[in-house]
Amino acid sequence: ARSCVDTVRRIQDELVATLGEKDKLSLFYGVISRKDYRLKYMNLGGASIFYAGPKKEFQELKSQGPQLTRLSEPLSGGQGEVALEPEGRLVVLSDGFVEAVGGPGRMNELLNRFRDQDANDALNEMVFAVKAAFSEPDDMPVQDCTAVVFDVDSRLIRLA
């Protein structure tokens, strides 16, 4: 039952020694409680996290700090927390996708436009935005483009 802060602090201790002078690392670490379906998380760096409850629009969840570098100070902040609800959707995106779409505000608009559709539709739209900037079909994005979408089952039952 270690906190996210403690776990990320241990990860930081191990990784910082291996980072080069110009290396930067974004990190998202989260734990979902099976008892009350609360996500406790740490988001450091350029990743963006969005959550939409049932029949609600997406909100960007707050980041807890900057990217990790070789010179990063030890973590001092707290963790974020959000209650996951049946029919909710959680989206974790690397900065490559967010920048390709035009920033967090534009990403929020895109996610809301596809809120009631299959998650693949929103992912396809993000990939299209990235590929639209390419001059050749085999080009690769300059930045990492990673996306993870979690849909919370509508039959979710909370334990008492």
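Whatever comes next refers back to the structure up there.
Attention in this report is confined to the structure presented alongside it. Being a predicted model, the structure only gives us computed values, none of them experimental.

## Notes on the sheet that holds strand S5 (residues 80-83)
Argument step 1. If you walk across this open sheet you meet the three strands as S1-S2-S5, and the pairing is antiparallel. The open sheet has two free edges, formed respectively by strand S1 (27-32) and S5, since each of these has just one partner strand. Here the average twist between neighbouring strands, direction ignored, is 25°.
Argument step 2. In the packing of helix H1 (residues 4-16) onto the sheet, contacts are made with S1 and strand S2 (38-44), and the angle to S1 comes to roughly 145°.

## Brief notes about unusual backbone geometry
With the exception of glycine, the majority of residues adopt a negative phi angle, and the majority of peptide bonds are in the trans configuration.
Argument step 1. Even without a glycine there, the phi angle at Tyr 37 is positive, about 55°.
Argument step 2. Take Tyr 37: it is sitting in the loop between S1 and S2.
Argument step 3. Located in the positive-phi region is Lys 55, a residue other than glycine, with phi close to 60°.
Argument step 4. Here Lys 55 lies in the loop between strand S3 (48-52) and strand S4 (59-61).

## A look at the sheet that holds strand S6 (residues 89-93)
Argument step 1. Reading across from one edge, S4-S3-S6-S7 is the order of the four strands in this open sheet, with antiparallel pairing throughout. A single partner strand is all that each edge strand has here, and the edge strands are S4 and strand S7 (147-151). Ignoring which end each strand starts from, the neighbouring axes of this sheet average 20° apart.
Argument step 2. Across five bridges, S6 lies against S7 in antiparallel orientation. Considered in S7, the bridge of Arg 89 is made with Asp 151.
Argument step 3. Of the strands in this sheet, S3, S4 and S6 are in contact with helix H3 (residues 104-113), which crosses S3 at around 35°.
Argument step 4. Docked against the sheet, helix H4 (residues 119-131) engages S6 and S7, running at close to 160° with respect to S7.

## Structural notes on the environment of Val 16
Argument step 1. Along the chain, Val 16 falls in helix H1.
Argument step 2. Sequence-wise, Val 16 and Thr 69 are 53 residues apart; in three dimensions their C-alpha atoms are separated by 6.4 Å.
Argument step 3. Setting aside its immediate chain neighbours within four residues, Val 16 contacts Thr 69 and Arg 70.

## Here we look at the nonpolar core
Soluble globular proteins tend to bury their nonpolar side chains together.
Argument step 1. One finds Phe 50, Leu 93, Met 107, Leu 110, Leu 111 and Met 126 to be the most contacted residues of the largest nonpolar core, which totals 15 residues.
Argument step 2. Counting residues per element, the ones that place at least two in this core are S3, S6, helix H2 (95-101), H3 and H4.
Argument step 3. Excluding residues that lie within four positions of it along the chain, Leu 93 makes contacts with Gly 46, Ala 47, Ser 48, Phe 50, Val 98, Met 107, Met 126, Thr 146 and Ala 147.
Argument step 4. By size, the runner-up hydrophobic cluster in this structure holds 10 residues, among which are Leu 39, Tyr 41, Leu 61 and Val 152.

Criteria and cut-off values
Residues numbered from 1 in each chain as written. Predicted model: local features only at pLDDT ≥ 70, side-chain atom pairs only at ≥ 80, totals over all residues. Heavy atoms only, no water. Pairing = 2+ DSSP bridges. Helix = DSSP H or I, 4+ residues; strand = E, 2+ residues; numbered from the N terminus. Axes fitted to C-alpha atoms, helices over the stretch in contact; angles between N-to-C directions. Contact = heavy atoms within 4.5 Å. Core = buried A, V, L, I, M, F, W, Y, C linked by side-chain atoms within 4.5 Å. Buried < 20%, exposed > 50% of the residue type's maximum accessible area, 1.4 Å probe, protein only.

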